[in-house]
Amino acid sequence: MKLDWPECRNVRDLGGLPTTDGGRIRENALIRADSLQYVTPAAVETIRAAGVSRIIDLRSHGEVSGFPTPFTQDPLGLHLPLQDPADPPSTATTIVDSCNEMLDLHPDLFAAVFRAIVDAPEGAVVVHCYGGKDRTGVIVALALAVAGVPEDEIVADYFLTRDNLASMMAEQLAAEPDESLHPEMLEFRETRAESMTAILRHLDTTYGGPVAYLRQAGLTDDELDALRARLTS
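Quick caveat, the model's predicted, so the values are computed rather than measured.

### Let's talk about empty space enclosed by the protein
And step 1. In the structure shown here, the tally under the stated rule is one cavity of 30 Å³ or more.
And step 2. Along the walls of the largest cavity sit Ile55, Asp57, Thr69, Phe71, Thr72, Gly77, Leu78, His79 and His128, which together make up its complete lining.
And step 3. Breaking the lining of the largest cavity down by element, the ones donating at least two residues are strand S3 (52-57) and strand S4 (77-79).
And step 4. Considering each element in turn, the lining of the largest cavity owes the most residues, three residues, to S4.

Okay, structure coming up:
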């Protein structure tokens, strides 16, 4: 369900997505969002009124220091980047390679995000990066897989971001006069359903699936059960 948070373009509550055992993702359990760096004081109050108990910012250290959100220094906010400043420069030439690189390099950082979801006080947990597309998308895909949401639903949710960010994509292309750069911009900024499918295949072939990946990252069965219980009705 898309949420209207002023100055945000890509916010939705994952509540209502079906699980394979006949259940549903609970409303007001997990919210995915784009960056909150532009939100107004009125929007901050809207977010607080939504019953949010934790806001996890997945952006890099440089992004957060350069573009803090109203929650960066707030008790609700928690900065848990999926990259380390000491990482070597990325060699990824596609968005799929970039996401898979993060998964392979830092399972510990992914595990930290899920522990933060499990340990959050009662209420909705918000997860965001800049566009709410790929870093957020991978975290959400892993969470939904643990909860038992079928793959086609996970991919369909990811693809919703395409329409939500279409206007921003058009603005970014229009602002870049060098059209030779547009293909690379589209590769890393456009939302394609097949990108999430490819990331899920990487998790399957390399680790045995999303749940197995998180186990190898260090999450215990008790933590995975707690995550599932938090997300499902």
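### Let's talk about the pairing of strand S5 (residues 124-128)
And step 1. For S5, a buried count of five out of five residues is recorded, marking the element as mostly surrounded by other parts of the structure.
And step 2. Neither face of S5 is exposed, since Ala124, Val126 and His128 on one face and Val125 and Val127 on the opposite face are all buried.
And step 3. Two strands pair when backbone bridges link them, and strand S2 (residues 30-33) and S5 are joined in this way by four bridges, in the parallel orientation. Along S5, the bridge assignment pairs leucine 30 with valine 125.
And step 4. Bridging between S3 and S5 involves five bridges; their strand directions are parallel. Each residue of the ladder has a partner; that of isoleucine 56, found in S5, is valine 127.

### Re the side chain of threonine 191
And step 1. Mapped onto the fold, threonine 191 is located in the loop between helix H8 (182-189) and helix H9 (193-207).
And step 2. Residue contacts for threonine 191: discarding those within four places in its chain leaves Lys133, Tyr158, Phe159, Thr161 and Arg162.

### Quick notes on the packing of aromatic side chains
And step 1. Evaluation of the coordinates by the stated rule reveals two aromatic pairs.
And step 2. Pairing phenylalanine 110 with tyrosine 213 gives two aromatic rings, centres 6.1 Å apart and planes at 85 degrees, and the pair type is edge-to-face. Placement of phenylalanine 110 in helix H4 (residues 107-119) and of tyrosine 213 in helix H10 (residues 210-216) is noted, with a sequence separation of 103 residues between them. Neither phenylalanine 110 nor tyrosine 213 differs from the other in exposure class; each is buried.
And step 3. With centroids separated by 4.8 Å and ring planes inclined at 75 degrees, the aromatic side chains of tyrosine 207 and tyrosine 213 adopt a geometry described as edge-to-face. As far as the burial class goes, tyrosine 207 and tyrosine 213 line up, both buried.

### Points about the layout of surface pockets
And step 1. Empty space within the largest pocket amounts to approximately 640 Å³.
And step 2. For the largest pocket, the lining is made up of 30 residues, of which Ile95, Lys133, Asp134, Arg135 and Phe188 are closest to its centre.
And step 3. Per-element tally for the lining of the largest pocket: the top contributor is helix H3 (residues 95-105), with five residues.
And step 4. Partitioned by chemical class, the residues of the lining of the largest pocket number 12 nonpolar, eight polar and 10 charged.

Criteria and cut-off values
Residues numbered from 1 in each chain as written. Predicted model: local features only at pLDDT ≥ 70, side-chain atom pairs only at ≥ 80, totals over all residues. Heavy atoms only, no water. 1 Å grid on protein atoms, 1.4 Å probe; cavity = no way out; pocket = protein on both sides within 12 Å on 5 of 7 lines; lining within 4 Å. Points joined across faces, edges and corners; volume = space filled by probe spheres on them. Helix = DSSP H or I, 4+ residues; strand = E, 2+ residues; numbered from the N terminus. Buried < 20%, exposed > 50% of the residue type's maximum accessible area, 1.4 Å probe, protein only. Pairing = 2+ DSSP bridges. Contact = heavy atoms within 4.5 Å. Phe/Tyr/Trp six-rings, centres within 6.5 Å; stacked < 30°, edge-to-face > 60°. Nonpolar A, V, L, I, M, F, W, Y, C, P; charged D, E, K, R; others polar.

Read these as layout, nothing more, since geometry by itself doesn't imply function.
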